[in-house]
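Residue-level listing of the chains:
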Amino acid sequence: MISFRRIFAVAGKELIHLRRDRVTGGLVLGIPLILTLLFGYAINQDIRHLQAGWVDMAETQASRGLLQDAMASQVVDLVRRAGSTAELEMLLRRGEISVGIYIPADFERRIARQEFPYAQLLVDGSDPVVLSAVRGLQSLPVTPPRDLNVNHVIRASFELRPFYNPERRSAVFIVPGLTGVILTLTMVLFTATAIVRERDQGNLELLIATPIQSLELMTGKILPYIVIGYVQVGVILALGVWLFDVPVRGSLIDFLMAALFFVISALSLGLVISTLAASQFQAFQLTFISFLPQMLLSGYMFPFEGMPRAAQYLAELFPLTHFLRIVRGIILRGAELSELQADVWPLAVFFAVMMVIAPLRFRKRLD
Amino acid sequence: MAGDPVIIASDLTRRFGQLVAVDHLNLTVPAGRIYGFLGPNGSGKSTAIRMLCGLLRPSEGNATVLGTDIRGSTAALRHRIGYMTQRFSLYGDLTVVENLRFFASVYDLGRSSAERIEQQIERFSLQQQKNQLADTMSGGQRQRLALATASLHKPELLFLDEPTSAVDPESRREFWEFLFEMADDGVTILVSTHFMDEAERCHRLAILNHGVLVADGTPDRLKEEMAARVIEVRSPDPGGVRRQLLGAETVLDCTQLGTRLHVMIDGSQGDPAAYVNGLLKGVRYSSITAIEPSLEDVFVMATHHVGGDR
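Draft legend 1. The arrangement of the overall build of chain A in detail. Looking only at helices and strands, chain A features 14 helices and 4 strands. Classification of the 367 residues of chain A by burial places 52% in the buried group. Looking at chain A alone, contacts between residues at least 24 apart form 76% of all its contacts between residues at least 6 apart.

And the structure:
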């Protein structure tokens, strides 16, 4: 018989530990606060002010207009005027500029005849982020080029129209996902150390000699951290909305429901880690081993679609992958939770599987 | 129920790889008594206790604790036994009351728990420390708290694993008074120790050495039945006497206590005092007396035989 009294006794005791442990207690608020500010302000995929050189062979009103438009886009700062394409290439190679703009002498004639490309952009392709940023320049009204060097050339063909994040501000995209990333780290870490700590400090030997059952202990360990999880979600979301103008387009209740599924699956993963680790140090290591692939493959750092099939299948196993889709769906696209069911049930299944494994692995014996 | 043995172990064995921590232990612990496990470090006391609590599975053999086979499910048994671990295992960052409350809930004491906690606090004189964190208490206070917790749910059988090893003599004495009180209430107590004075206080005693039960009985009985005789030699040159005596095969052990020496002679000699006298030719001594063996002598003899050099 599962005793709720015992479950709540464990949960209450965990809360006392947290309250008495100032550092850990501080980190409950500190981690989301610091990481949100850091990620929100520092990580900027929205590249601006790239150093650019230019060669203007046409020297007409149209060519100067094009250069001004490029400047006005703020993507590039025109810093060096060069005399030839060769000089542009040299500047690129030396890293003095990231972008070269070449306007041929027959620029106006090409426009008049609609003879593509009108001009050429030479881009430092060694940084894919720069490359994708400059792609935006292609859509400048009157532009692009003739093939000179295939690697460096971008053709202007169509206009890019970003939906849902028209300003293309990174924070809008990063901050909602950050709730998932931070919770993956903190939630797993809390429970991963929860049982190992009892072992390290010698409490476990006494505890397993009592009538407490594994499932009661596990459930009791999870309960207080659900509350902590919501506190962290609240901090991140509040910072996102106030500081980074993240729009919450969907229902907040839907989002909080989804967060519950995600929080309990992360916590249960921590419990399993806790039953695998022999010391707190091992628990830390295992947590990071589980965290890094989630961070890299979930679609948070790199687009999911760009990954190889095998990596995609692997990523489908991670709670973070599904939570990111849910979060972006609800917060950025205004989707309803019911529309995102395909990503909700994997979280529930993950939680159920972990809650079976953890008590099974945790034997109430010392051997 | 009285008179029925509380613990019956037969050939109880536990191996850790090559090491045999407990080796075919046969044991009968009667109810309502204080039963001592005496043995040096590493003699298998803790391992035996852990098996009897159901925390370790025996590699071989079996034991019945309060009628429950320890190889099977011990879930029901856990309500009836109390366990005090060797290392302090309550929560250091919880207060006395919080620790007691937690374990009261774990043992599902229900409505009576608040009252019971008050009782225990009073009984083990922890009123002053009620709201003190366990980590900040003295060794003696912590042991009292651990005992209060282990007996919170009124167990019939208490396992205490070296409960007083980190406690000053005054607190130890006090601790044993609590144990006798509980034994008077009918609780059976199995306590391990390496202190002779504590072993002397037990109703019954088992001496363990290298996992083997080497002696078992009441302290008086063990002394009476000791196979060796003890001779006390006083000498201005105890070192010389010791060297001289240890050369003889019949001398089992020789322990120096200041200017006195306790010499253990195997039972084969009819008049051991005269025998020692004969051995000590050419060494200065002032007296040779046959004395009653102490429990320490019993212990030295018992642990000497098996693990010793012969």
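Draft legend 2. Highlighting the side chain of A:His17. The topology assignment puts A:His17 in helix H1 (residues 4–20). Among the polar contacts made by the side chain of A:His17, one reaches the side chain of B:Asp93 at a distance of 2.7 Å. Residues in contact with A:His17, not counting those within four places in the same chain, are A:Arg197, B:Tyr91, B:Asp93 and B:Leu94.

Draft legend 3. Local environment of the environment of A:Leu337. Structurally, A:Leu337 is set in the loop between helix H13 (319–333) and helix H14 (341–361). Separated by 100 residues in sequence, A:Leu337 and A:Leu237 place their C-alpha atoms 18 Å apart.

Draft legend 4. Layout of the interface of chain B and chain A. Listed per partner, the contact involves 29 residues of chain B and 27 residues of chain A. Carbon and sulfur atoms make up 56% of the surface buried where chain B meets chain A, a total of about 2,700 Å² over both sides. Area buried by chain B at its contact with chain A is led by B:Leu55, B:Arg78 and B:Tyr91, which between them contribute 22% of it. B:Asp108 is paired through a salt bridge with A:Arg5; the nearest N and O atoms lie 3.0 Å apart.

Draft legend 5. Quick peek at a nonpolar patch on the surface. Residues and elements named next belong to chain A. Taken together, Leu33, Ile34, Leu37, Tyr41, Val241, Trp242, Leu243, Val248, Leu252 and Leu256 make up a surface patch of nonpolar side chains, about 940 Å² in accessible area. No other element matches the 4 residues that helix H2 (residues 22–42) contributes to the nonpolar patch. Of note, Val241 is situated in helix H9 (residues 214–244). Classification of Val241 by relative accessible area gives partly exposed; the value is 33%.

Draft legend 6. Focus on the nonpolar core. Grouped together as the largest cluster of nonpolar side chains are 158 residues, with contacts concentrated most on B:Val65, B:Leu147 and B:Phe159. Looking at which element gives the most residues to this core, the answer is helix H7 (residues 170–200) of chain A, with 14 residues. If near-sequence neighbours (up to four positions away) are discounted, B:Phe159 is found in contact with B:Ile7, B:Ile49, B:Leu52, B:Cys53, B:Val65, B:Ile81, B:Gly82, B:Tyr83, B:Met84 and B:Leu190. If you look at the next biggest cluster of nonpolar residues, it comprises 23 residues, including A:Leu66, A:Leu78, A:Val99 and A:Leu121.

Draft legend 7. Examining helix H8 (residues 238–246) of chain B more closely. Residues and elements named next belong to chain B. The set of residues buried in H8 consists of Pro238, Gly240, Val241 and Leu245. All buried residues of H8 fall inside an arc of 160° around its axis, so they share one side. On its buried face, H8 sits against strand E11 (228–234), strand E12 (251–257), strand E13 (260–266) and helix H9 (272–279).

Draft legend 8. The arrangement of the pattern of salt bridges in detail. All names here are of chain A. Under the criterion given, the structure shown has 33 salt bridges over all chains. Residues Arg81 and Glu59 are paired through a salt bridge, measuring 3.0 Å at the closest nitrogen-oxygen approach. One end of the pair, Arg81, is in strand E2 (residues 76–81); the other, Glu59, is in the loop between strand E1 (50–56) and helix H3 (61–72), and 22 residues separate them in sequence. Taking relative accessible area as the criterion, Glu59 reaches 46% and is therefore assigned partly exposed.

Draft legend 9. Inspection of helix H3 (residues 113–123) of chain B at higher detail. Residue and element names in this part refer to chain B. Every buried residue belonging to H3 is among Ser113, Arg116, Ile117, Gln120 and Ile121, and all of these are buried. For H3, the buried positions fall inside an angular range of 135° around the axis, keeping them on one side. Facing away from the buried side of H3, by more than 90 degrees, are the exposed residues Ala114, Glu115 and Glu122. Those residues of H3 that are buried are in contact with helix H2 (96–106) and helix H4 (139–150). Positive backbone phi, approximately 35°, marks Ser125, located one or two places after H3.

Draft legend 10. Structural detail: the confidence of the model for chain A. Residue and element names in this part refer to chain A. When the pLDDT values of chain A are averaged, the result is 83; 87% of them are 70 or greater. Ranking the helices and strands of chain A by mean pLDDT puts helix H10 (residues 252–276) first, with 94, and helix H6 (residues 128–135) last, with 71. When the criterion is pLDDT under 50, residues 142–163 qualifies, and its contacts beyond four places in sequence or with other chains add up to 56 contacts.

Draft legend 11. Representation of the packing of aromatic side chains within the structure. Applying the stated criterion to the full structure yields 11 aromatic pairs over all chains. For the ring pair B:Tyr91 and B:Phe102, a centre distance of 5.6 Å and an interplane angle of 85° mean the geometry is edge-to-face. With a gap of 11 residues between them, B:Tyr91 in the loop between strand E6 (81–84) and H2 and B:Phe102 in helix H2 connect regions that are remote in the sequence. Using a relative accessible area of 4% as the deciding quantity, one classes B:Phe102 as buried. On the basis of an interplanar angle of 80° and a centroid distance of 5.1 Å, the ring pair of B:Phe102 and B:Phe103 is categorised as edge-to-face. Like B:Phe102, the residue B:Phe103 is buried in the burial classification. Taken together, the ring pairs in this structure connect A:Phe255, A:Phe262 and A:Phe323 into an aromatic cluster. In this structure, A:Lys13 packs its charged tip against the face of B:Phe102, placed 5.6 Å from the ring centre. Above the plane of the ring of B:Phe195 lies B:Arg172, whose end atom (NZ or CZ) is 3.7 Å from the centre.

Draft legend 12. Structural detail: the pairing of E13(B). All names here are of chain B. Within E13, 5 of the 7 residues are buried, leaving the element largely enclosed by the surrounding structure. For E12 and E13, the ladder comprises 6 bridges, and the chain directions are antiparallel. Bridge pairing in E13 places Leu257 opposite Arg260. Taking the residues between adjacent antiparallel strands as the criterion, E12 and E13 are bridged by 2 residues, where Gly258 takes a positive phi near 65°.

Draft legend 13. Quick look at the packing of H4(B) against helix H5 (residues 169–184) of chain B. All names here are of chain B. Between H4 and H5, whose axes approach to 10 Å, the crossing angle comes to 15°. When the axis of H4 is compared with that of H5, the two are roughly parallel. In this structure, H4 crosses over H5, and the sense of that crossing is right-handed. Here Gly140, Gln143, Arg144 and Leu147 of H4 come into contact with H5, specifically with Ser171, Glu174, Phe175, Phe178, Leu179 and Met182. Partitioned by chemical class, the residues of the contact of H4 with H5 number 5 nonpolar, 3 polar and 2 charged.

Draft legend 14. Region of the structure containing the sheet that holds strand E5 (residues 68–69) of chain B. Residues and elements named next belong to chain B. With respect to topology, 4 strands assemble into an open sheet ordered E2-E1-E4-E5, the strand pairing being antiparallel. Strands with a single pairing partner mark the edges of an open sheet, and in this sheet they are strand E2 (19–30) and E5. In this fold helix H1 (residues 45–53) packs onto strand E1 (5–16), E2 and strand E4 (60–65), with an angle of close to 120° to the strand it touches most, E1.

The rules behind each value
- Residues numbered from 1 in each chain as written.
- Chains lettered and ligands numbered in written order.
- Predicted model: local features only at pLDDT ≥ 70, side-chain atom pairs only at ≥ 80, totals over all residues.
- Heavy atoms only, no water.
- Helix = DSSP H or I, 4+ residues; strand = E, 2+ residues; numbered from the N terminus.
- Buried < 20%, exposed > 50% of the residue type's maximum accessible area, 1.4 Å probe, protein only.
- Contact = heavy atoms within 4.5 Å.
- Polar contact = N/O pair within 3.5 Å; in protein donor to acceptor, adjacent residues only side chain to side chain.
- Buried area = accessible area lost by both parts, 1.4 Å probe.
- Salt bridge = Lys/Arg side-chain N within 4 Å of Asp/Glu carboxyl O.
- Patch = residues over 30% accessible without salt bridge, like charges linked within 9 Å, V, L, I, M, F, W, Y side chains within 5 Å.
- Areas by Shrake-Rupley, 256 points an atom, 1.4 Å probe, with all protein chains shown as cover.
- Core = buried A, V, L, I, M, F, W, Y, C linked by side-chain atoms within 4.5 Å.
- Arc of directions from axis to C-beta.
- pLDDT = per-residue confidence, 0-100.
- Phe/Tyr/Trp six-rings, centres within 6.5 Å; stacked < 30°, edge-to-face > 60°.
- Lys NZ or Arg CZ within 6 Å of the ring centre and 35° of its normal.
- Pairing = 2+ DSSP bridges.
- Axes fitted to C-alpha atoms, helices over the stretch in contact; angles between N-to-C directions.
- Parallel < 35°, antiparallel > 145°, perpendicular 65-115°, else oblique.
- Left-handed = near helix turned anticlockwise from the far one by under 90°.
- Nonpolar A, V, L, I, M, F, W, Y, C, P; charged D, E, K, R; others polar.

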